[in-house]
Amino acid sequence: MSTYSAVKQCLKTFHLAGTPDFYNVYEVNDRDGRENKLNANANFRSQLRFDVKQPSIVLRAKEPEETVFSVKIYAGDLGYMLPQNASDHETVVITTSTTSADAVAAALEKFGCGHLGAEDCYLSTVCTDRVVTERRLSSHELLAALLSQLRHESSRTAQLTRFELRFTDESPAAHPVSVFVGNLKENLSQRLYECILLEKLGESCRWDTIDAIYYESGCLVLTYRSSEKAEHAYELLKVSQQSFEFADFVWYIYLISSVVFMVLFVRNGLRLKSEEEGEEEFLPKKAIESAFDPAFFVLVSNCLYAVA
């Protein structure tokens, strides 16, 4: 088997992107840590020097030949400040002398958040290999040297590590305002919840992000980066809730009045039927006239006064 074919199988096994041409192959001596670089075009077994039966093989991504290359920087904490159709990452060109602070400034400009500075955000590496680990980069750390170190340590770790923006604790933008909304219909889709809220709030008070949705209880959490906008949304939701409760109250009064009227109608109709001897037919006209007695008028008047 050629070394090229062996590397190709390793890439499939470890779910690594790219072709064997992007990797260097090394045989490692477990005793003293010495390395033997293998030729990808030669036979695999014939190049082994330390352990032919159970060799220790390391794949390392090749270093880029150019000194200027690009990296993706993800919005991270900046995501709630971006429009809904905005990309979650931006490509930043770096060199061997580009620091973490330089990359943050360039990424903020591309995200349209130039009003923020290096004192508001920092760059963090997030690795999703088996477990999620995160490390904050210092402002003077060189990105090219960091990427080279990751490629040397593990190709899989290098591919599963990405850069994300994080707010510092002192940044005003690090503390968005959350508005909890409840008493909605349970188990609706997110789109229906958004339509209901937009009808109540309007586009002028549209939220920046939806932090969480509790479908089983009809509740959700809206996130605003502007405290004034969040306060206005709260007032609109409060007025909307009061109007909804008032409409329910009017409906209950109407329902109770209808039930009372029907009870009086039936009672007086049966009474008229029993009082008039020899008359077997039901007298709805007289029952209606008799139903409107003073007690009924007092009840209706009190209900209308309460509604007013």
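The rules behind the values
- Residues numbered from 1 in each chain as written.
- Predicted model: local features only at pLDDT ≥ 70, side-chain atom pairs only at ≥ 80, totals over all residues.
- Heavy atoms only, no water.
- Helix = DSSP H or I, 4+ residues; strand = E, 2+ residues; numbered from the N terminus.
- Contact = heavy atoms within 4.5 Å.
- Areas by Shrake-Rupley, 256 points an atom, 1.4 Å probe, with all protein chains shown as cover.
- Buried < 20%, exposed > 50% of the residue type's maximum accessible area, 1.4 Å probe, protein only.
- Phe/Tyr/Trp six-rings, centres within 6.5 Å; stacked < 30°, edge-to-face > 60°.
- Lys NZ or Arg CZ within 6 Å of the ring centre and 35° of its normal.
- Pairing = 2+ DSSP bridges.
- Axes fitted to C-alpha atoms, helices over the stretch in contact; angles between N-to-C directions.

Named according to an unreviewed UniProt entry, the protein chain is Ras-associating domain-containing protein originating from Echinostoma caproni.

1. As for the overall build of the protein chain
Along the backbone of the protein chain there are eight helices and eleven strands. Considering only residue pairs separated by 6 or more positions, the protein chain has 59% of its internal contacts joining residues 24 or more positions apart. Accessible surface, the protein chain: about 19400 Å² in total, of which carbon and sulfur atoms supply 55%.

2. Regarding unusual backbone geometry
Look at Asn183: it is not a glycine, yet its phi comes out positive at around 60°. Of note, Asn183 is situated in the loop between β9 (177-181) and α5 (190-201). According to the relative accessible area criterion, Asn183 is exposed, its value standing at 64%. One non-glycine residue, Asn187, lies in positive phi territory at about 60°. Look at Asn187 and you get exposed, because its relative accessible area is 58%.

3. With respect to the environment of Thr19
Mapping Thr19 onto the fold places it in the loop between α1 (3-13) and β1 (23-28). Given the relative accessible area of 34%, Thr19 is considered partly exposed. Along the sequence, Thr19 and Val7 sit twelve residues apart, while their C-alpha atoms lie 8.6 Å from each other.

4. Some words on the packing of aromatic side chains
For the coordinates displayed, the defined rule picks out one aromatic pair. Pairing Tyr193 with Tyr215 gives two aromatic rings, centres 6.1 Å apart and planes at 40°, and the pair type is tilted. Of the two residues, Tyr193 is situated in helix α5 and Tyr215 in the loop between β10 (209-214) and β11 (219-224); the sequence distance between them amounts to 22 residues. Judged by relative accessible area, Tyr193 falls into the buried class, the value being 1%. With relative accessibility at 32%, the residue Tyr215 sits in the partly exposed group. When the ring centre of Tyr122 is taken as origin, the NZ or CZ atom of Arg136, which lies over that ring, is 3.9 Å away.

5. What to know about the sheet that holds strand β6 (residues 121-127)
Strand pairing in a sheet relies on backbone hydrogen bonds, with the paired strands running either antiparallel or parallel. Pairing is mixed in the open sheet, where five strands are placed in the order β5-β4-β8-β6-β7. Each edge of the sheet is formed by a strand with only one pairing partner; in this case those strands are β5 (89-94) and β7 (133-136). Recorded for the sheet is a direction-independent mean angle of 35° between the axes of neighbouring strands. Along the sheet, helix α2 (residues 100-110) makes contact with β4 (69-74), β5, β6 and β8 (161-167), crossing β6 at roughly 100°. Sheet strands touched by helix α3 (residues 143-153): β4, β5, β6, β7 and β8. Its angle to β8, the strand with the most contacts, is close to 140°.

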